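Structural features, examined
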Amino acid sequence: MAEKGVTPRSEDYSRWYTDVVQKAELADYSPVKGCMVIRPYGYTLWENIQAALDRRFKETGHVNAYFPLFIPLSFLQKEAEHVEGFAPQLAVVTHGGGEKLEEPLVVRPTSETIIGHMYSQWIRSYRDLPVLINQWANVVRWEMRTRLFLRTTEFLWQEGHTAHATQAEAEEETLRMVGVYADFAINEAAIPVIQGKKSDREKFAGAVYSTTIEAMMGNGWALQSGTSHFLGQNFARAFDIKFLNQNNEMEYAWTTSWGLSTRMVGAIIMTHGDDQGLVLPPRLAPIQVVIVPIWRKDTEKMPVLALAHQVTAALKAAGIRVKLDDRDEVSAGYKFNDWEMRGVPLRIEIGPRDVEQNAVVFARRDMPGKEGKTFGVPVEGVARAANDMLVTLQAALLQRATAFRDANTRAVRNYDEFKQVLDGPGGFIRVHWAGSDEDEDRIKDETKATIRCYPFDAPEGEGICFYTGKRTDRVAIFARAY
RNA sequence: CGGGGCGUAGCGCAGUCCGGUCAGCGCGCUUGAUUUGGGUUCAAGAGGUCCGGAGUUCAAAUCUCCGCGCCCCGACCA
């Protein structure tokens, strides 16, 4: 690893990613294989993600609850597709208190089963519906290959589980929540995700269908960043979630589930980061503004620090998450690089020249060097100016990511072109698609690209499938994915 | 689990082929100066059961055998 800075993205993208995660002190490897330690800076970022999501969940009528970590193994086996999908990834507890357990307990990989079991006891009448519950939890999936934040054995997430009286209501909920994820991703994380439906091959084990938000990472790969599933009556039948309707008839409930995990942190890193390190969207950044005081002589130190404290207080009063870096033992240049690595959106530099003019210097993280600096920002009204700059930065990040995604989204006319794009520039391939599940498998085998989603927003209309040559109005986005 | 690579100071590594002043380097850390508008410089210092075990040998980081662990590539996935 380089002593300073990170491996350039162009040299080795996954190395760059790992470097950023560790050097920005977001997370570290743990002594347990496949697990990571989320460090305070990374955890604060996650807390900000949680707050932004939780607010949206509450606004859409959901409440939080908590269900147990351990699930009887037999529960997993009640839904055939579900157990088939998750069996290879389960961690199972066979002993407790020095005794062999009568029935093994699964460490939850997801909670549809145990929540389904509880819902069957809580739901009696149509008057009990809908049930709209979310939980913030950790889950465990024994993955073969892990990567910090993107795929770890244990990860943090939220999982929403809802039950409804009608299919229409449940489907509406499924779409509402994928929409909430998209709204969060776009407006908080500045990630221009694409909403769509998963192909049958990629859907959640046990779902009727799954919806997703798909993001494009800096290397052109796709990252599934949140999912919302319509479960039909599959889990209701498996767990006997029944209610009496208004006609006094017994019916199975219609359920949904939806989740978004710490993987989102990975999405933020790979959407906005650059060769200087992390770049954080202001709305989620643990530190939105860092103030770096600069002085030459001891006589300059006092007035510079005095102004720095004054500006810090002004920003704090305006509700900005601000940090004054008054460390004595490192140089200003060191601090610049340090905070750039950590992705702080706005840096305010205050030196003797600024004290004289009663002004400060703004340096935005998304633009390197002088280009991103604004000199002579008056101290009077500095909080307002900083706030405006944060709004500008938030918009600029989204705009840049959107332009990148669009520039790396291509159409192809046939399979040869498809392969050429994947071997060349990569990115998203947006095509008409009339292939079968087997066709999809074959393409995955041959190119490693999968259907990321059938986008909801598909104004293309009818066209020719690049693979089968058939006419269809279905549009698919293919990409290599994490 | 299949294929590759690796385990020596907090981190990154050299040394291993050809056993013997090989316990070394860079960064980081500590102390003191110097410097501070883009990662200052210098000096002095602290820090290691060479992954573990067994064996060969006068002598093992180095050779042999057996373990353990990690990383990368594949099948699986939020």
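Residues numbered from 1 in each chain as written. Chains lettered and ligands numbered in written order. Predicted model: local features only at pLDDT ≥ 70, side-chain atom pairs only at ≥ 80, totals over all residues. Heavy atoms only, no water.

1. Topic: the layout of surface pockets
Within this model, the largest pocket holds a volume of roughly 1,500 Å³. If you trace the largest pocket, you find 49 residues lining it, with R141, E202, Q224, R263 and Y482 closest to the centre. Sorting the residues of the lining of the largest pocket by element identifies helix 4 (80-86), strand 8 (154-164), strand 11 (222-232), strand 14 (254-261), helix 14 (437-447) and strand 22 (449-455) as the ones contributing at least two each. Split by domain, the lining of the largest pocket shows at least three residues from each of two domains, domain 1 (13-272) and domain 3 (409-480). (1 Å grid on protein atoms, 1.4 Å probe; cavity = no way out; pocket = protein on both sides within 12 Å on 5 of 7 lines; lining within 4 Å. Points joined across faces, edges and corners; volume = space filled by probe spheres on them. Helix = DSSP H or I, 4+ residues; strand = E, 2+ residues; numbered from the N terminus. Domains from an automatic or database assignment.)

2. Overview of the packing of aromatic side chains
Enumeration according to the criterion identifies 23 aromatic pairs in this entry. Plain terms: the ring middles of Y415 and F418 are 5.7 Å apart, the flat faces sit at 35° to each other, and that makes the pair tilted. Residue Y415 and its partner F418 are located together in helix 13 (residues 415-423), separated by three residues, close to a single helical turn. Accessibility classification places Y415 together with F418 in one group, the buried group. Each residue in the set Y415, F418, W433, F466, Y467 and F478 is aromatic and connected to the rest through ring pairs, giving one cluster. (Phe/Tyr/Trp six-rings, centres within 6.5 Å; stacked < 30°, edge-to-face > 60°. Buried < 20%, exposed > 50% of the residue type's maximum accessible area, 1.4 Å probe, protein only.)

3. A look at unusual backbone geometry
Here the amide bond leading from L129 into P130 is cis, since omega sits at -5°, within 30 degrees of zero. With respect to the helices and strands, the residue P130 is situated in the loop between helix 5 (112-122) and strand 7 (131-140). Look at D240: it is not a glycine, yet its phi comes out positive at around 60°. Of the residues examined, D240 reaches a relative accessible area of 39% and is grouped as partly exposed. A positive phi angle, near 65°, is found at N248, a position not held by glycine. We classify N248 as exposed; its relative accessible area is 59%.

4. Here's the deal with the packing of helix 13 against helix 14
Taken N-terminus to C-terminus, the directions of helix 13 and helix 14 make an angle of 40°; their axes are 11 Å apart at the nearest point. As the angle between them shows, helix 13 and helix 14 are arranged oblique. In the packing of helix 13 onto helix 14, the handedness of the crossing is right-handed. Note on element contacts: helix 14 touches helix 13 through R442, I443, E446 and T447, opposite Y415, F418, K419 and L422. Along the lines of polarity and charge, the residues of the contact of helix 13 with helix 14 split into four nonpolar, one polar and three charged. (Axes fitted to C-alpha atoms, helices over the stretch in contact; angles between N-to-C directions. Parallel < 35°, antiparallel > 145°, perpendicular 65-115°, else oblique. Left-handed = near helix turned anticlockwise from the far one by under 90°. Contact = heavy atoms within 4.5 Å. Nonpolar A, V, L, I, M, F, W, Y, C, P; charged D, E, K, R; others polar.)

5. Quick word on the domain arrangement of chain A
Taken as a whole, chain A is organised into domain 1 (13-272), domain 2 (289-395) and domain 3 (409-480). Taken over C-alpha atoms, the centre of domain 1 sits 27 Å from the centre of domain 3. Facing the 20 residues of domain 1 at the interface are 18 residues of domain 3. At the boundary of domain 1 with domain 3, the tally comes to five salt bridges. The residue D441 makes a salt bridge to R201 at a minimum N-O spacing of 2.9 Å. Counting across the domain 1 and domain 3 interface gives eight residue pairs in polar contact (both at pLDDT 80 or more). Taken together, the elements giving at least two residues each to the side of domain 1 that touches domain 3 come down to helix 6 (167-187), strand 9 (194-197), strand 10 (209-216) and strand 11. It is strand 10 that contributes the most residues to the side of domain 1 that touches domain 3, five residues altogether. (Salt bridge = Lys/Arg side-chain N within 4 Å of Asp/Glu carboxyl O. Polar contact = N/O pair within 3.5 Å; in protein donor to acceptor, adjacent residues only side chain to side chain.)

6. What about a positive patch on the surface?
A cluster of like positive charges, contributed by R296, K297, R353 and K370, occupies part of the molecular surface. On the secondary structure map, R353 appears in helix 11 (residues 352-357). By relative accessible area, R353 is classed as exposed at 64%. (Patch = residues over 30% accessible without salt bridge, like charges linked within 9 Å, V, L, I, M, F, W, Y side chains within 5 Å. Areas by Shrake-Rupley, 256 points an atom, 1.4 Å probe, with all protein chains shown as cover. Lys, Arg positive; Asp, Glu negative; His and termini not counted. Charge placed at Lys NZ, Arg CZ, Asp CG, Glu CD.)

7. A look at the pattern of salt bridges
Inspection of the entire model under this criterion finds 36 salt bridges. A salt bridge links D183 to R56, with the shortest nitrogen-to-oxygen separation between them at 2.8 Å. Highlighted residues: D183 in helix 6 and R56 in helix 2 (residues 40-59), separated in sequence by 127 residues. Since its relative accessible area comes to 8%, R56 is described here as buried. The partner of E188 in a salt bridge is R283, and the shortest N-O contact between them spans 2.9 Å. You can see E188 sitting in the loop between helix 6 and strand 9 and its partner R283 sitting in the loop between helix 8 (263-272) and strand 15 (289-293), a full 95 residues away along the chain. Judged by its relative accessible area of 46%, R283 falls in the partly exposed class.

8. Details of the pairing of strand 10
Sheet faces and side chains relate simply in a regular strand, where the side chains alternate between the two faces. Most of strand 10 sits out of view: eight of its eight residues are buried. Burial along strand 10 is two-sided: the face carrying Y209, T211, I213 and A215 and the face carrying S210, T212, E214 and M216 are both buried. As defined by bridge partners, strand 9 adjoins strand 10 across four bridges and the pair is classed as antiparallel. Residue pairing across strands places G196 opposite T212, the latter belonging to strand 10. One ladder, built from eight bridges, connects strand 10 with strand 11; its direction is antiparallel. Opposite A215, over in strand 11, you have L223 as the bridge partner. Remark: five residues form the turn of the hairpin made by strand 10 and strand 11, two consecutive strands paired antiparallel; G220 in that turn has positive phi of roughly 90°. (Pairing = 2+ DSSP bridges.)

9. Quick notes on helix 12 (residues 382-407)
Look at helix 12: 37 Å from first C-alpha to last across 26 residues, which is about the 38 Å you get at 1.5 Å a residue. Those residues of helix 12 that sit buried are V382, A383, A386, M389, L390, L393, Q394, A396, L397, A401 and R405. (Expected span 1.5 Å × (residues − 1).)

10. A short note on the sheet that holds strand 4 (residues 70-72)
What the three strands build is an open sheet, ordered 4-6-5; its pairing is antiparallel. Two strands close off the open sheet at either side, each with one partner strand: strand 4 and strand 5 (91-96). Ignoring which end each strand starts from, the neighbouring axes of this sheet average 50° apart. Bridging between strand 5 and strand 6 (residues 99-107) involves five bridges; their strand directions are antiparallel.

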